[in-house]
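Below, each chain spelled out in residue letters.
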Amino acid sequence: MQQLNKNNRNVDPVLIRQLDLSDSGKNCKMFIGDLTGDGRMDLLMVQPDGGIDDRYVPHQVEAMTAFDLEGNLLWQAGEPSHTPGGPGSDYPVQIYDIDGDGYNEVLCVKNKQFLILDGQTGEIKRSFSLPDDHAHDCIIIANLSGNTFAQDIILKDRYHQMWAMNKDLELLWTHKGNIGHFPWPFDFDDDGKDEVVAGYEFLDSNGERKWSCLPLEDHADCIWVGKVQPDSENYQIVIGGSVTVLYDAIGNELWRYDGSIESQHICLGKFRDEEGLQIAGLDRIVRGTHYSDGKDGMFLINANGEEIWKENRQTGGWLTIIDTLSNWDEHHLDYILAFRRGGGVYPTIYDGDQNVITTFPVDGYVSFGDLTGSGRDQVIIYDQETAYIYANEPMDLAPINNSPLKQNKRAYSVTLYPGGEY
């Protein structure tokens, strides 16, 4: 077994498999889920439409290509474009068992239609009209109706309006406001229905606004839910935007950290052996015009909103994405996974003391998850042509059992602005 990083020693990751993704076309984003039902994850490469300014106009899907972990092409829906859009906003796709039959479907928006595809074949099972021409910035799956599992769908435009619908895409309610990038549904009051943290506003399951954390500036980039403070019996809400703030579920601001210029990404975890949870953040210090100019830096704050450390970055790069990595190795603490760093800095795993645990030898976008049901997460780094699957130690990518792997909430809440629950 590979040893843990000690004395700041960088442990090399183990390359498990390398896959050819070239059939999926340019500018694809990876989604992970068990499409075939064979007990291990598959890879869905999604190409977005082009010809738009995706800072303001949301993407739709141009083409989707599914691969298994052997690199076999399972199916392709749509024709990959030679001039696709870029990754400046979310792609409206999720993998989820929306009908409860035990097998995942692919939910997507293409040609102004909301489509439900059979995950095994890519064939259309159901199609619906959108509630609005711009209601496809992302897809959020929630339980607003009090069903036995989440079957409701929330769609939104880029910044201003969201539409909540049931499983038959019948409109339940709509809401206009400062809704941020990816609203987060969660059942805070244990009534069997999700409330929705819609950017800076807190909505009940009927879409009624209960409270707001306005007048915070800009918009909510990331939203996390967890029992952050050690004495909290209830779930709390961390929002990263113009600042990083902690709220309770009834609208009390518990603290705010304003030691960043722009809190572009945050992630919640037990990164250090101390009371409560910690919040890792990514500060956009200087916005650039290219991938490797500008400057960003990570920071870590404790459960009371106090700064533990801030990265003094010596390289260019301002587009870093960070996320919580919990099951990379046998260590009892979580790690911070950072990628899209620019400036020659490859994807890296850090501990809560800012030590490097692992640096990956290739650059690119990143997906991660437990691909086989082993209880450990693997990290996939991919570019326009190739996916590299890494683990902390040698392993077999055969399924642990042959039952379909259930899609967890993080895996069906994929966004460019990762949020989550802890």
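Here, the structure is the one placed above.
Residues numbered from 1 in each chain as written. Predicted model: local features only at pLDDT ≥ 70, side-chain atom pairs only at ≥ 80, totals over all residues. Heavy atoms only, no water.

**A few points about the overall build of the protein**
Here is step 1: The helix and strand tally for the protein stands at 0 helices and 33 strands.
Here is step 2: In terms of overall size, the protein behaves like a compact globule, its C-alpha atoms giving a radius of gyration of 20 Å where 422 residues would be expected to give roughly 22 Å.
Here is step 3: In terms of principal-axis extent, the alpha carbons of the protein reach across some 55 × 50 × 45 Å.
Here is step 4: Within the protein, buried positions represent 59% of all 422 residues.
Here is step 5: A separation threshold of at least 6 residues defines the contact pool for the protein, and within that pool the share at least 24 residues apart is 53%. (Helix = DSSP H or I, 4+ residues; strand = E, 2+ residues; numbered from the N terminus. Rg over C-alpha atoms; globule rule 2.2 N^0.38 Å. Buried < 20%, exposed > 50% of the residue type's maximum accessible area, 1.4 Å probe, protein only. Contact = heavy atoms within 4.5 Å.)

**Let's talk about the pattern of salt bridges**
Here is step 1: The tally for this structure, following the rule as stated, stands at 26 salt bridges.
Here is step 2: Here Asp38 and Arg40 are joined by a salt bridge, their closest N and O atoms 3.7 Å apart.
Here is step 3: What makes Arg40 buried here is its relative accessible area of 7%.
Here is step 4: The partner of Glu262 in a salt bridge is Arg287, and the shortest N-O contact between them spans 2.9 Å. Here Glu262, found in the loop between strand S21 (253-257) and strand S22 (263-269), pairs with Arg287, found in the loop between strand S23 (278-286) and strand S24 (295-301); they are 25 residues apart in sequence, far enough to count as distant. (Salt bridge = Lys/Arg side-chain N within 4 Å of Asp/Glu carboxyl O.)

**Section: a negative patch on the surface**
Here is step 1: Residues Asp20, Asp23, Asp383 and Glu385 make up a contiguous surface patch of negative charge.
Here is step 2: As for its position among the elements, Asp20 is in strand S1 (residues 14-20). (Patch = residues over 30% accessible without salt bridge, like charges linked within 9 Å, V, L, I, M, F, W, Y side chains within 5 Å. Areas by Shrake-Rupley, 256 points an atom, 1.4 Å probe, with all protein chains shown as cover. Lys, Arg positive; Asp, Glu negative; His and termini not counted. Charge placed at Lys NZ, Arg CZ, Asp CG, Glu CD.)

**A short note on the sheet that holds strand S14 (residues 184-186)**
Here is step 1: Here 4 strands make up an open sheet; going across it, the order is S14-S15-S16-S17 and the pairing antiparallel. Strands with a single pairing partner mark the edges of an open sheet, and in this sheet they are S14 and strand S17 (209-212). Across the sheet, the axes of successive neighbouring strands diverge by a mean angle of 20 degrees, strand direction being ignored.
Here is step 2: Judged from the 3 bridges that link them, strand S16 (residues 201-203) and S17 form a sheet pairing that is antiparallel. Across the sheet, the residue bridging to Leu203 is Arg209, located in S17. (Pairing = 2+ DSSP bridges. Axes fitted to C-alpha atoms, helices over the stretch in contact; angles between N-to-C directions.)

Function-wise, these values are silent; they only describe arrangement.
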